[in-house]
Amino acid sequence: MRDHTPPRPSRYVLAVGLVLLLCGLLFGYDQGVISGALGGIEKEFEPSTLVIEIITSWVTLGAMVGALVAGVLADRLGRRFTLVLASVIFVVGALLEALAPSTAVLTVGRLVLGAGVGIASVAGPLYGAENAAARDRGRMVSLYQMAVTIGIFLAYWADYLLIEDDRWRLMLGISAVPAVLLVLVVLPLKDSATWYLKVGRRADAEAVVRRAEPDVDAAERVATIEAALASEQQASWGEVFSRTWRRPLVVAGGLAVLQQLTGINAIIYYANTIFAAAGFDSPTQQSLATLWAVGGVNVLATLIAVLYVDRFGRKPLLTIGSWGMLLSLVLVAGAFFRLDEVTASEQASHGPTNAGILALVGTVTFIASFAFSLGPIVWTVINEVFPSHVRGKGVAAATALNWFAAWAVTQTFLSIVDLTSTSGAFLIFAFFCVVTLWFTRRYVPETKGRTLEEVQQMWADPDELSRAIAARD
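Rules used in this analysis
Residues numbered from 1 in each chain as written. Predicted model: local features only at pLDDT ≥ 70, side-chain atom pairs only at ≥ 80, totals over all residues. Heavy atoms only, no water. Helix = DSSP H or I, 4+ residues; strand = E, 2+ residues; numbered from the N terminus. Buried < 20%, exposed > 50% of the residue type's maximum accessible area, 1.4 Å probe, protein only. Areas by Shrake-Rupley, 256 points an atom, 1.4 Å probe, with all protein chains shown as cover. Patch = residues over 30% accessible without salt bridge, like charges linked within 9 Å, V, L, I, M, F, W, Y side chains within 5 Å. Salt bridge = Lys/Arg side-chain N within 4 Å of Asp/Glu carboxyl O. 1 Å grid on protein atoms, 1.4 Å probe; cavity = no way out; pocket = protein on both sides within 12 Å on 5 of 7 lines; lining within 4 Å. Points joined across faces, edges and corners; volume = space filled by probe spheres on them. Expected span 1.5 Å × (residues − 1). Core = buried A, V, L, I, M, F, W, Y, C linked by side-chain atoms within 4.5 Å. Phe/Tyr/Trp six-rings, centres within 6.5 Å; stacked < 30°, edge-to-face > 60°.

A. Highlighting the overall build of the protein. When helices and strands are tallied, the protein shows 22 helices and 0 strands. Across the 473 residues that make up the protein, the buried fraction comes to 58%. Per element, the accessible surface of the protein, about 19300 Å² overall, is 63% carbon and sulfur.

Structure below.
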């Protein structure tokens, strides 16, 4: 009887996976740590509410700019060197944050750090997607989102350990550690075979394939990639947005925006309020609840996607997760109809209420549903759907849209609550879950098991594209 067990990833591919993990840690830690650092920042600098909002959210503006330039850098300098550059920028930003003598310098540090995160968010998944075999690509790129959740978890842990002493500078400075580690890990590695072929280094491309996929014929695999690159020139931004590649751009950009419009940042922002309403009556208890109910659940649920994205496929996980998010947001909205007004700074003065417990259950369910679906799968699809000659700029454009949507949600959430209500805000996010279900069914093709070259050919074959969109498993 023949053994149909697929070969295990090579050590080289595992090293590439470590690169993706460190890229995700950069963003995840910075995303989570600011909530614990704000208390110390407020005590030391006494900033206005507007300045606090800027300090909190402008990292996403820096990330948006970084994502836009990352595509050009990744195509000209290579994916590997671009990651080194992102790490250096990130370390500079982290040091500016930790040593900031004023809120102005702190804000500059947030922007610089955000630029490093934005560059890494494009170059990291791109590097992983191009180095992984088709059978492992979904799992490989999903590692990025898993690492983001681990970074958030570690940030909450740092907040929990350091918050009592208001050691906010140490909280922020620690974020430089994964950036330094990223440089040490990526330097001994090679770039992707795709990039080497783009710059005419065929021998290097074959060497990478032999290390990444020792079970395949390196010359044959390189010839396949070469054929896909034949007669192609690096695309201009005009070509990226042209009618020819509009469909993959719509798929990638649509998923990137919907990932944020379904409310992940808002519900994380409201986590302490929900826990307070559920009866966690001290900052320490609320911090500990956030650590495990948000951070811990996020990591464990993302692990589901990492393990099963290449078995179940992209569309089933997106669909199941979107339904879970929709139902949990409706549950949270219904719970807030019953809860008294509780601000994020207030502590609960009562025991758990039925509505508070429902809100808590809805929050945990939402985090879990997002973590195995829109969280990692969106990044996988974004890095799969573009043809090789527009992939760098296409991924950059979709990632920049993601960062812009994240900034827009962060900046407008409280205004939406004021204009409607907390329940109304969560119902708006629930509506976008419905949009996500429709969009996934109508536009997203199933790319499970396809090589990047096969995905590229799919866009030129209407019948094959229709079958891929209609696929359910």
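B. Quick peek at a nonpolar patch on the surface. A grouping of Leu170, Ile174, Val177, Val180, Leu181 and Leu184 is seen on the molecular surface, where their side chains present a nonpolar patch of about 490 Å² in accessible area. Among the elements that line the nonpolar patch, the one with the most residues is helix α7 (residues 176-186), at 4 residues. A relative accessible area of 40% means that Leu181 is categorised as partly exposed.

C. How the structure looks around unusual backbone geometry. For Glu46, which is not glycine, the phi torsion reads 50 degrees and is therefore positive. With respect to the helices and strands, the residue Glu46 is situated in the loop between α1 (11-45) and α2 (49-76). For Glu46, a relative accessible area of 67% gives the class exposed.

D. Summary view of empty space enclosed by the protein. Scanning the model with the defined rule gives 2 cavities of 30 Å³ or more in all. Glu130, Ala132, Glu213, Arg221 and Ile225 are, among the 19 residues lining the largest cavity, the residues nearest its centre. Where the lining of the largest cavity is concerned, the elements lending two or more residues are α4 (103-131), α8 (193-198), α9 (202-212), α10 (218-229) and α21 (452-458). Put simply, the second largest cavity is a space of about 40 Å³. Lining the second largest cavity, in full, are Thr194, Ile225, Ala228, Leu229, Ser388, Arg391, Leu452, Glu453 and Gln456. Every element with two or more residues in the lining of the second largest cavity is listed here: α10, α19 (388-419) and α21.

E. Representation of helix α12 (residues 246-261) in the model. With 16 residues, α12 ought to run about 22 Å at 1.5 Å a step, and its terminal C-alpha atoms sit 21 Å apart, in line with that. Residues of α12 that are buried include every one of Pro248, Leu249, Val251, Ala252, Gly253, Gly254, Leu255, Ala256, Leu258, Gln259 and Gln260, and no others. Positive phi appears at Gly263, one or two residues downstream of α12, with a value of about 100 degrees.

F. How the structure looks around the nonpolar core. Counting residues in hydrophobic clusters, the biggest one holds 124 residues, and the most contacted among them are Val19, Leu329, Ile382, Phe426 and Trp459. Core analysis: the second largest hydrophobic core is formed by 17 residues, Val33, Phe45, Leu106 and Leu172 among them.

G. Spotlight on the pattern of salt bridges. Inspection of every chain in the model, using the stated rule, returns 14 salt bridges. Asp204 is the partner of Arg201 in a salt bridge, and the nearest nitrogen-oxygen pair spans 2.8 Å. A relative accessible area of 38% places Arg201 in the partly exposed class. Salt-bridge contacts for Arg210 lead to Glu206; the nearest nitrogen and oxygen are separated by 3.6 Å. With Arg210 and Glu206 both in helix α9, this residue pair falls 4 residues apart, about one helical turn. Judged by relative accessible area, Glu206 falls into the buried class, the value being 16%. Each of Asp75, Arg79, Glu130 and Lys198 takes part in one network of salt bridges that share partners.

H. Examining the packing of aromatic side chains more closely. For the coordinates displayed, the defined rule picks out 9 aromatic pairs. Judged by centre distance (5.9 Å) and plane angle (70 degrees), the rings of Phe45 and Trp168 are edge-to-face. A residue pair is termed long-range when its members are at least 10 positions apart, and Phe45 in helix α1 and Trp168 in helix α6 (residues 168-173) qualify at 123 residues. Residue Phe45 is classed as buried on the basis of its relative accessible area, which comes to 19%. Here Trp168 falls in the buried class, since its relative accessible area comes to 3%. Pairing Phe439 with Tyr443 gives two aromatic rings, centres 5.3 Å apart and planes at 40 degrees, and the pair type is tilted. One end of the pair is Phe439 and the other is Tyr443, both in helix α20 (residues 422-443) and 4 residues apart, which spans about a single turn.

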